Amino acid sequence: MSVATRLRTEPDGSTGTLSLRLTPASIAQWVLLPLFLLVLAVLILLPVLVLVVGSFLAEPPRAFQFDLSTASLANYYEVLRDPEFAEMVYNTIVAAIIGTVGAVLVGLSLAWVSSRTNTPGRKFIEYSAVLPMMVPPLVGAFAWDILGSPQSGMLNVLLRSAGIDMGFSIYTMWGICLVFVIYYSPYVFLFTNAALKNADASLEEAASMCGASRLRVILQITLPLVLPAILSAALMVLVLLIEIFAIPAVLAETANIKFISVQIWKMIGFAPPKVNQASALGVMLITITVVLVLIQQKLTSKQSFVTVSGKGSRPRVMEFGWTKWIFTILSLTYIFIAVVLPLISLLYVSVKGSLFFSSAEQMLDTSDFTTTYYSDVLADPVISHSMINTLLVCGGTVGLGVFLYFAVAYLIHKTNLKGRRMLDIISVLPVAVPGMIIGLGYLWSWISIPIGLYGTLMIIILAYISQFTPQGSRAIGASLVQIHRELEESSRMSGAGFTYTLRRIVFPLALPGIFAAITLLLVLSFRELATALFLYTAKTQVFSLVMLDLWLRGSTNYVAVLAILQVCVLLVIYVLGNALKHKYER
Amino acid sequence: MTFKRLQKFTMTAVLAAALPGYGFAQEADALNVDGEMIGTPELMAAACKEGEVVYYTAQSDGDERQIVKTFQERFPCISVSVVSAATGRLYERVKTEAQAKQTFGDVLILSDEVLAQNLVDAGLVRDWTPPSAAKYDETFKVEGKWYSGSGQLMYPVYNKNLVKGDDIPKSWKDLANPKFKDKFAFFPISVGGTSWMVYAFLLDHYGEDFLKELNTQSPKMFTTYNTVMLNVARGESEIGVSSSVNEYVVRVKQKAPVVPIYPAEGVPFVKFPMMLLEGGQNPSAAELFGNWYLSKEGQTALVNVRGANSARPDVESAPENPPLSEVKIWGLSNKVLRERYDGVISQVQKIIN
């Protein structure tokens, strides 16, 4: 189809015309890619750039008003010369690395056990492995505070009453890393479980037929095939743990272990707030993340991880004998520690009148058990209104976000368009910027957008879409990379157009990853806290902020009730999402 | 005209004459708060026409909603939208909204006088003199701009199950008792205006050497007072320093085994400046609400819900709190505070970061 003509000069000097053909490739290159670059620029780059600019100024760049005459490196200098800076960086990086390694080991193991072995109870394990994600980090840290504090923690009180003084303390680096692993291994599980299910079993069968042992097949065939998912998940978890605030705020403070995220919190709370220095710290974190992303891209760019192709395949289940019961016991023990224990502590706190006990007898005294906290919460109109707001925000984030993330992931992984790497880099930026800092970026930049966004739910939805771009696009991207190009090419060679191929070939094969992304987005949106801190009003308050207010008041019983409610809602979301995912899996 | 019609006409005429008077009487009732007139009928009419006041507060959201229930019962035509956040975040929000010319907030209360005065100096605070202005001592206001809408005491606390007999601290100096090493819950000066007051008090009364002694106690440094209180209440620390508001919740409402100490040397009183924001969308409702909040009724609601302390001498303390007259309160005038602010921070951060 010829849609445009332009003049061209013929060799003899006369003027002729040249026709331009409008093809899907040219539309993608000149319309779609720039469009999505613009969308991501407004959603992500603009707030981040405002933060970057602010890090060099003496005054915050509020509403795009920059006083460039004050530009200098003074904020960076102040940050670097803090005597605790080196300690903060060390603690943050070490804890993040240990947490990431642990999360990968646990998440990948659970994914492999549930998707690739004949372990009894694997369906239950698959469902349970993600449950810690239903608990926001703040609440998880709070639950482990109740369980593991050295004097009054429930575990220590019970053990001491039985004559065992283990001196277990959650207020240590290892305690913090344990909580990191528990609440971040589900990310790894989600990514790798989808990839393991999609991986081509014929490669493993061929290896087995050639005499390779099970261990060799796992290490040399299975793991390399799902390496992009592992690396993507590990990278995601690493940067999330570098910037996580809630867990160090609750657990590290007691032990005077310094973390960068808590320092940023302090800077914003200072009077007057040191937001420019906080921006400087945030910019340093972004720099680290960009480097990590580029490393990951370098590692995976030269390999092909296609496993979903024109050949039929299904996931191969490894048959184990009595050892399958060891997998069951280990998995269930982990689930008990990671899921059941914290839930028990939350349930206990939600009904116990007095939380101040020093013996097992006082702890187990049921005479002051009450449902008052539940009735108070259920009768509070602000809490119910915040729940409605949160559900609206979740729906909006998923509805608009998944469309954006699929498009971005497709452009990055399934095309050769020039400029797609820029999409990849921009889409990962929000991960490294601590939520409360990016919240400032949204406030400073979007408040000036003249379409009345500020003070509405839409500004929170857009902030969430921006904030979760890395998780959403990577979850979908991990599925897309495993679909061989030959499937799309075969479709087009058979006469199908681009949209038909996308709708009938690519989309159905990517559905497990899309459902994983939807589930992840719903969970993250529901529990997100920091992003909305600067954007909400009385009418747009979300559930997590109500919980934060209660926590700041020391109303731990009510926090526990809200946490239980939150877990229930997220569980429903997860079960429904999983059911849909299974329906469309091969 | 029949008798019945005449009767009906007469009744209607009487009612028509009486109703405005009745409406006026109702307005007067609403505006009369314990003998204080908190506004004029014209102000109330304008406030009702606006219908809403947006209240930015550094105090807890749940507490504020309980406090303002009384206002909303008195003025059902005005809804109060509460936005609660830490002082630093509120300050940043207010400044950004002002710069973008999208001021959403009408009334603001902060926990930091210096930030409050920064807003005044930036022209972001309306002129305002509530009817109860004279009830507030000079140290608790900047006349015409802000008034101490709330307050809290900062004092030591201890866990009565762990600290007994002669070990019970009675003075600030007892915080440096080596018995409490590694068992002391405290906070850095970076928390904000509340923590600044404590450090300024300790410097004024005991000097830098005392702060160095405190540092040798390896205090657990928390960024929120509720975590200080819970840490002491649960026995993870034996003593701590916290705010009266956070201590009240834990002690009175949660029946924790904590005891406050009101040292004879003095107890810092932190003012929470309340002000009306320039450019707010509901100026009349804001003024009426602010006038009410500073009235005896408003301050009594504040004290009883929150365990806070009012700067009004005619407002009684919360149940199970001692009267303020029995506590030696320490404070600084706004002028002195602002002069010393940065210097105290630098001094403290050299000793305790």
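Every chain begins its residue count from 1, and numbering advances along the sequence as written. Labels follow written order: the first chain is A, the first ligand is 1, and so on. Reporting in this predicted model follows two pLDDT cut-offs: at least 70 for local features of residues, and 80 or more for side-chain atom pairs to be given and counted; totals over whole chains, interfaces and linings ignore these cut-offs and use all residues. To obtain the side-chain values, all non-hydrogen atoms of the structure were used and water was disregarded.

1. Focus: the overall build of chain A
Then comes step 1: Comment: elements are numbered from the N terminus, with helices defined as DSSP H or I runs of at least four residues and strands as E runs of at least two. Assigned secondary structure in chain A consists of 25 helices and 2 strands.
Then comes step 2: What you see for chain A is a C-alpha radius of gyration of 26 Å, in line with the 25 Å of a compact globule of 586 residues.
Then comes step 3: Counting only C-alpha atoms and orienting by the principal axes, one finds that chain A spans roughly 100 × 70 × 45 Å.
Then comes step 4: Per-residue accessibility, obtained with a 1.4 Å probe over protein chains only, is compared with the maximum for each type, and a residue is labelled buried under 20%, exposed over 50%, and partly exposed between these values. Counting over 586 residues, chain A shows a buried share of 59%. Radius of gyration here uses only the C-alpha atoms, and the compact-globule reference equals 2.2 Å multiplied by the residue count raised to the power 0.38.

2. Some words on the overall build of chain B
Then comes step 1: Along the backbone of chain B there are 11 helices and 13 strands.
Then comes step 2: Projecting the C-alpha coordinates of chain B onto the three principal axes gives extents of approximately 95 × 45 × 30 Å.
Then comes step 3: The 353 residues of chain B split such that 60% are buried.
Then comes step 4: For chain B, long-range pairs separated by at least 24 residues make up 77% of all intrachain contacts whose partners lie at least 6 apart in sequence.
Then comes step 5: The Shrake-Rupley method, run with a 1.4 Å probe sphere, supplies the accessible areas, and residue values consider only the shown protein chains as cover. As displayed, chain B offers around 13,500 Å² of accessible surface, 54% of which is attributable to carbon and sulfur atoms. Whether two residues touch is decided by their heavy atoms; if any such pair falls within 4.5 Å, the residues are in contact.

3. Some details on the pattern of salt bridges
Residue and element names in this part refer to chain B.
Then comes step 1: One speaks of a salt bridge when a side-chain nitrogen belonging to Lys or Arg is within 4 Å of a carboxyl oxygen belonging to Asp or Glu. Across all of its chains, the model carries 28 salt bridges over all chains by this definition.
Then comes step 2: In this structure, Lys141 engages Glu143 in a salt bridge whose closest nitrogen and oxygen atoms are separated by 2.8 Å.
Then comes step 3: Using a relative accessible area of 7% as the deciding quantity, one classes Lys141 as buried.
Then comes step 4: Under the relative-accessibility criterion, Glu143 is labelled partly exposed at 43%.
Then comes step 5: Its salt-bridge partner being Arg340, residue Asp204 comes within 2.7 Å of it at the nearest N-O pair. Here Arg340 lies in helix 11 (residues 334-351) and Asp204 lies in helix 6 (residues 193-216), a separation of 136 residues in the sequence.

4. Regarding the domain arrangement of chain B
Residues and elements named next belong to chain B.
Then comes step 1: How far each domain reaches was decided by an automatic or database domain assignment. Domain parsing of chain B yields domain 1 (3-149 + 272-315) and domain 2 (152-269 + 326-349).
Then comes step 2: Between domain 1 and domain 2, the C-alpha centre-to-centre distance is 33 Å.
Then comes step 3: Opposite the 19 residues of domain 1 that make contact, domain 2 presents 15 residues.
Then comes step 4: Interface area, domain 1 with domain 2, both sides summed: about 1,500 Å², of which 54% is carbon and sulfur.
Then comes step 5: When residues of domain 1 are sorted by the area they lose upon contact with domain 2, Glu113, Val114 and Asn309 head the list and together hold 33% of the total.
Then comes step 6: Here domain 1 and domain 2 share 1 salt bridge between them.
Then comes step 7: Here Arg338 ties to Asp121 by a salt bridge, and the two come within 2.5 Å at their closest N and O atoms. Values labelled buried area give the accessible surface lost by two parts on being combined, using a 1.4 Å probe and summing over both.

5. A word on the state of the cysteines
Then comes step 1: For the purposes of this analysis, a disulfide is any pair of cysteine sulfur atoms at a distance within 2.5 Å. Applying the stated rule across the entire model yields 1 disulfide over all chains.
Then comes step 2: Shown here is the disulfide that connects Cys48 of chain B with Cys77 of chain B, its sulfur atoms set 1.9 Å apart. Note that Cys48 of chain B is positioned in helix 2 (residues 41-50) and Cys77 of chain B in the loop between helix 3 (61-74) and strand 4 (79-84), a separation of 29 residues in sequence.
Then comes step 3: Classification of Cys48 of chain B as partly exposed rests on a relative accessible area of 24%.
Then comes step 4: No disulfide involves Cys394 of chain A; its nearest neighbouring cysteine sulfur is the one of Cys568 of chain A, lying 15 Å away.
Then comes step 5: On the basis of relative accessibility, which here comes to 2%, the residue Cys394 of chain A falls in the buried class.

6. Thoughts on the interface of chain B and chain A
Then comes step 1: Taken together, the contact pairs 54 residues of chain B with 52 residues of chain A.
Then comes step 2: By the criterion of area lost to chain A, the three top residues of chain B are Arg89, Arg93 and Arg234 of chain B, representing 16% of everything that side buries.
Then comes step 3: Run the count over chain B and chain A and you get 5 salt bridges.
Then comes step 4: Between Lys539 of chain A and Glu52 of chain B there is a salt bridge, with the nearest N and O atoms lying 2.7 Å from each other.
Then comes step 5: N or O atoms closer than or at 3.5 Å make up a polar contact, with two conditions inside protein: a donor-capable atom paired with an acceptor-capable one, and, for residues adjacent in sequence, both atoms drawn from side chains. Put simply, chain B and chain A have 27 residue pairs in polar contact (both at pLDDT 80 or more) between them.
Then comes step 6: Of all the secondary-structure elements, those providing two or more residues to the side of chain B that touches chain A are strand 3 (52-57), helix 3, strand 4, helix 4 (87-99), strand 9 (220-221), helix 7 (225-233), helix 8 (244-253) and helix 11 of chain B.
Then comes step 7: Counting residues per element, the side of chain B that touches chain A draws most heavily on helix 4 of chain B, at 9 residues.
Then comes step 8: Under the scheme applied here, ten amino acids are nonpolar (Ala, Val, Leu, Ile, Met, Phe, Trp, Tyr, Cys and Pro), four are charged (Asp, Glu, Lys and Arg), and all others, including Gly, are polar. Partitioning the side of chain B that touches chain A into residue classes produces 20 nonpolar, 20 polar and 14 charged.

7. Remarks on the side chain of Ser150 of chain B
Then comes step 1: Looking at the element boundaries, Ser150 of chain B is found in strand 7 (residues 146-159).
Then comes step 2: Excluding residues that lie within four positions of it along the chain, Ser150 of chain B makes contacts with Gln59, Ile109, Val270, Lys271, Phe272, Leu302, Ala308 and Asn309 of chain B.

8. Focus: the pairing of strand 3 of chain B
Residues and elements named next belong to chain B.
Then comes step 1: Burial of strand 3 is extensive: 6 of the 6 residues sit out of reach of the surface.
Then comes step 2: Residue alternation in strand 3 divides its side chains into two sets, Glu52, Val54 and Tyr56 and Val53, Tyr55 and Thr57, and both sets are buried.
Then comes step 3: For two strands to be treated as a pair, DSSP must find at least two bridges joining them. Sheet topology places strand 3 next to strand 4; 6 bridges connect them, and they run parallel. Each bridged residue has a counterpart across the sheet, and for Thr57 the counterpart in strand 4 is Ser84.
Then comes step 4: You can see the chain leave strand 3, run along helix 3 and come back into strand 4, and the turn it takes is right-handed.
Then comes step 5: In terms of strand pairing, strand 3 meets strand 5 (residues 107-109) through 3 bridges, oriented parallel. Residue pairing for strand 5: Tyr56 is matched across the bridge by Leu108. Crossovers are described as right-handed under a simple rule: with the strands pointing away from the observer, the path leading from the first strand over the helix to the second runs clockwise.

9. Observations regarding the packing of aromatic side chains
Then comes step 1: Each pair of aromatic rings taken from Phe, Tyr and Trp, with Trp reduced to its six-membered ring, is defined by centres within 6.5 Å and is described as stacked if the planes are under 30 degrees apart, edge-to-face if over 60, and tilted in the remaining cases. Scanning all chains against the criterion turns up 38 aromatic pairs over all chains.
Then comes step 2: Ring geometry for Tyr454 of chain A against Phe104 of chain B: centres 5.0 Å apart, planes inclined by 80°, an arrangement best described as edge-to-face. Taken as a pair, Tyr454 of chain A in the loop between helix 19 (435-446) and helix 20 (457-467) and Phe104 of chain B in the loop between helix 4 and strand 5 lie in two separate chains rather than in one.
Then comes step 3: Its relative accessible area of 4% is what places Tyr454 of chain A among the buried residues.

10. Some words on unusual backbone geometry
Residues and elements named next belong to chain B.
Then comes step 1: One non-glycine residue with positive phi stands out, namely Asp34, at about 50°.
Then comes step 2: With respect to the element layout, Asp34 can be found in the loop between strand 1 (32-33) and strand 2 (36-37).
Then comes step 3: Under the relative-accessibility criterion, Asp34 is labelled exposed at 56%.
Then comes step 4: The phi angle at Ser218 is positive, at roughly 50°, despite the residue not being glycine.
Then comes step 5: Tracing the backbone through its elements, the reader meets Ser218 in the loop between helix 6 and strand 9.
Then comes step 6: Residue Ser218 is classed as partly exposed on the basis of its relative accessible area, which comes to 29%.

11. Points about the nonpolar core
Residue and element names in this part refer to chain B.
Then comes step 1: Grouping buried Ala, Val, Leu, Ile, Met, Phe, Trp, Tyr and Cys residues that are joined through side-chain atoms within 4.5 Å yields what is termed a nonpolar core. Residues Phe186, Trp196, Leu202, Leu288 and Phe289 are the most contacted members of the largest nonpolar core, which totals 318 residues.
Then comes step 2: Each of domain 1 (3-149 + 272-315) and domain 2 (152-269 + 326-349) gives at least three residues to this core.
Then comes step 3: Every residue in contact with Leu202, bar those within four places of it in the chain, is listed here: Trp172, Phe186, Gly207, Phe210, Leu211 and Leu214.
Then comes step 4: Formed by 5 residues, the second largest nonpolar core is a distinct cluster that contains Tyr248, Val303, Val315 and Ala318.

12. Topic: a nonpolar patch on the surface
Residue and element names in this part refer to chain A.
Then comes step 1: To count toward a patch, a residue needs a relative accessible area over 30% and no salt bridge; like charges are then connected within 9 Å, while nonpolar side chains (Val, Leu, Ile, Met, Phe, Trp, Tyr) are connected within 5 Å. A cluster of nonpolar side chains, namely Ile27, Trp30, Val31, Leu32 and Leu35, defines an oily patch on the protein surface of about 480 Å² accessible area.
Then comes step 2: Looking at the secondary structure, you find Val31 in helix 1 (residues 24-55).
Then comes step 3: Accessibility expressed as a relative area gives 46% for Val31, which makes it partly exposed.

13. Comments concerning the confidence of the model for chain A
All names here are of chain A.
Then comes step 1: Of all residues in chain A, 92% attain a pLDDT of 70 or more, and the chain-wide mean is 85.
Then comes step 2: Each residue carries a pLDDT score, the predictor's own confidence in it, on a scale running from 0 to 100. Ranking the helices and strands of chain A by mean pLDDT puts helix 3 (residues 85-116) first, with 95, and strand 1 (residues 2-9) last, with 46.
Then comes step 3: Long-range and interchain partners of residues 1-6, a stretch whose pLDDT sits below 50, account for 15 contacts in this model, where long-range means more than four residues apart.

14. With respect to the environment of His413 of chain A
Residues and elements named next belong to chain A.
Then comes step 1: Within the secondary structure layout, His413 lies in helix 17 (residues 381-413).
Then comes step 2: Exposure remark for His413: the relative accessible area of 35% places this residue in the partly exposed category.
Then comes step 3: Along the chain, His413 and Val575 lie 162 residues apart, while their C-alpha atoms are 29 Å from each other.
Then comes step 4: When neighbours within four sequence positions are excluded, His413 is seen to be in contact with Gly477 and Val481.

15. Quick notes on helix 14 (residues 323-351) of chain A
Then comes step 1: A rise of 1.5 Å per residue sets the reference length of helix 14 of chain A, with its 29 residues, at 42 Å; its end C-alpha atoms lie 41 Å apart and thus fit the reference within 8%.
Then comes step 2: By the largest-angle criterion, Phe336 of chain A marks the main kink of helix 14 of chain A, which is about 35°. A helix is expected to reach a length of 1.5 Å times the quantity of its residues less one. To get the bend at a given residue, fit one axis to the seven residues ending there, fit another to the seven starting there, and take the angle between those axes.

16. Brief notes about the environment of Leu480 of chain A
Then comes step 1: Mapped onto the secondary structure, Leu480 of chain A falls in helix 21 (residues 469-480).
Then comes step 2: It is 9.3 Å that separates the C-alpha atoms of Leu480 of chain A and Phe406 of chain A, two residues lying 74 residues apart in sequence.

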